[in-house]
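# Tertiary structure, described
What follows is the residue order along each chain.
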Amino acid sequence: MSMPFYVPPEQLVKDRAEYARKGIARGRAIVAVEYADGVLLMAENPSDTLHKISEIYDRIAFAGVGKYNEFEALRVAGIRHADVKGYTYGRTDVTAKGLANAFSQTLGTIFTHEMKPYEVEVLIAEVGVNGAPNHLYKITYDGTLTDEQGTCAIGGQAEALTEAMRARFDPSASLEAAMRNAASAFREVVEREIEGWEAAVLERGAGRRCFRRLEQIDVD
Amino acid sequence: MNGDPGVSFTDLLAELGKLPSWETGPAGDLAAPVGTTVLALRYADGVVMVGDRQATEGHTIAHRRIQKVFPADQYSAIAISGTAGLAIELVRLFQTELEHYEKLEGVRLSLEGKANYLARMVRQQLPLVFQGLVVVPLFCGFDEHEQVGRLYTFDVVGGRYEEQDYAATGSGGREAKSYLKTAYRPDMPEPEALDTAIRALIAAAEEDTATGGPDLQRGILPNVVKVTADGLTEGEDDRIADIARSALEDVR
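Residues numbered from 1 in each chain as written. Chains lettered and ligands numbered in written order. Predicted model: local features only at pLDDT ≥ 70, side-chain atom pairs only at ≥ 80, totals over all residues. Heavy atoms only, no water.

## Considerations on the packing of aromatic side chains
Residue and element names in this part refer to chain B. Scanning all chains against the criterion turns up eight aromatic pairs over all chains. Ring geometry for phenylalanine 94 versus phenylalanine 139: centroids 5.7 Å apart, planes at 80 degrees, classification edge-to-face. Of the two residues, phenylalanine 94 sits in helix H2 (residues 84–105) while phenylalanine 139 sits in strand S8 (residues 135–143), which places them 45 residues apart along the sequence. The class for phenylalanine 94 is buried, based on a relative accessible area of 0%. By the ring-pair criterion, three or more aromatic residues cluster together here, those being Phe94, Phe139 and Tyr152. (Phe/Tyr/Trp six-rings, centres within 6.5 Å; stacked < 30°, edge-to-face > 60°. Helix = DSSP H or I, 4+ residues; strand = E, 2+ residues; numbered from the N terminus. Buried < 20%, exposed > 50% of the residue type's maximum accessible area, 1.4 Å probe, protein only.)

Next up, the structure:
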């Protein structure tokens, strides 16, 4: 029988975290920001068909950065979780908080139990209707769940981008203004040519399904 | 069932053991509310679908304001006749199924794909048919590829048939169809199509005791849904009330 080398748990966690962070830092960022009519999600994405932002449920959207197959698996799990819950109970019982908790549990378990951690960061946005507040939740590779206020970013250079977004934050901005602000924050931080945009909104008053993909993104 | 449920919401529920099911005992006189007349017709811009609001239990009126015409997604609608409880659950599952597919795949199912899927759902209800619990839907929608409105009928064994002009089902379906046989003409403009559809429903209510016509006193109006290239619209109650009022006066 082979004897495994002893690795102290601190070292193990540190190694895994470093591995995951490296993978995420390579990914292009996504920002979420509240504006007058809801929440805008905007990403740098050269592909028109492989989306990073998508609809989960009536008022809830998902954004993921890092390894595509890993955040895609989380997205599918999220849609299944939401649809089963909404069908079994009621549509209003599906909340971003419930979903964020589920993602947090999944990522936390994978981080400690699997061969390699997921190299992803996930953002769950919920638009508040009938006077309820909006919610933004960020879940990192180890399952850490944070409740963000107003605006936040995930992916490479997320901290700098969050700073840049905060400096421009205006919750009463129009959609066009919010998009221009997000684009200028991206340009300030990434310091290179942006290779295509992807954007979507969760819009209040647009019926039951608030999610809408923006086809025309004109921020130049 | 073992394995990945893929894009199917029904398979996902089955995997979780949450699929709605009805244990069937020996055939007997099971009294459950039954929904009556629904109809749909093709017109110039798409399809219009109308349903009365009554459900009966034997000779008794079980519900006066039941809904039998539902949006299935942004580009299709489903109407039901038969055992109301089963039918409404079927609709809920069908709606969730379409939305589930759309979100996972990023595109909507084709209209034919939706109709085929619904046929499969009806087929799975077959054991219940032998217990006298029958569900027969009507399905219509706008085909986004071909840019035309389409209309499908079903039978109890899950047979799926595309109709070219109009279709009706439920206890008053025959009367509605015989009205439409003379009143229908292809490519009607929208106001005429709406008028014809509501008049056909009133014709059915005149002859069939189980079908409830528009009840202006109580403010009970038929459910009306239109599907065109711009998507699905429902609930133009003022217009429907006007048409119902003038149609009822003509009957008098």
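## Observations concerning the pattern of salt bridges
Residues and elements named next belong to chain A. If you walk through the whole model with that rule in mind, you get 38 salt bridges over all chains. Between arginine 28 and glutamate 195 there is a salt bridge; the shortest N-O distance is 2.9 Å. Of this pair, arginine 28 sits in the loop between helix H1 (9–26) and strand S1 (30–35) while glutamate 195 sits in the loop between helix H5 (175–190) and strand S9 (197–203), placing them 167 residues apart in sequence. With a relative accessible area of 27%, arginine 28 lands in the partly exposed category. (Salt bridge = Lys/Arg side-chain N within 4 Å of Asp/Glu carboxyl O.)

## A look at the environment of threonine 169 of chain B
Residue and element names in this part refer to chain B. Residue placement: threonine 169 occurs in strand S11 (residues 166–169). For the pair threonine 169 and serine 81, spaced 88 residues apart in the sequence, the C-alpha separation amounts to 6.7 Å. With residues up to four places along the chain from it excluded, the contact list for threonine 169 reads Thr36, Thr37, Val38, Ser81, Val136 and Leu138. (Contact = heavy atoms within 4.5 Å.)

## Some details on the side chain of arginine 199 of chain B
Residues and elements named next belong to chain B. Position of arginine 199 among the secondary structure elements: in helix H6 (residues 190–207). In terms of polar contacts, arginine 199 uses its side chain to reach the side chain of aspartate 250, at 2.9 Å. Once you skip the residues sitting within four places of it in the chain, arginine 199 turns out to touch Tyr179, Ser246, Ala247 and Asp250. (Polar contact = N/O pair within 3.5 Å; in protein donor to acceptor, adjacent residues only side chain to side chain.)

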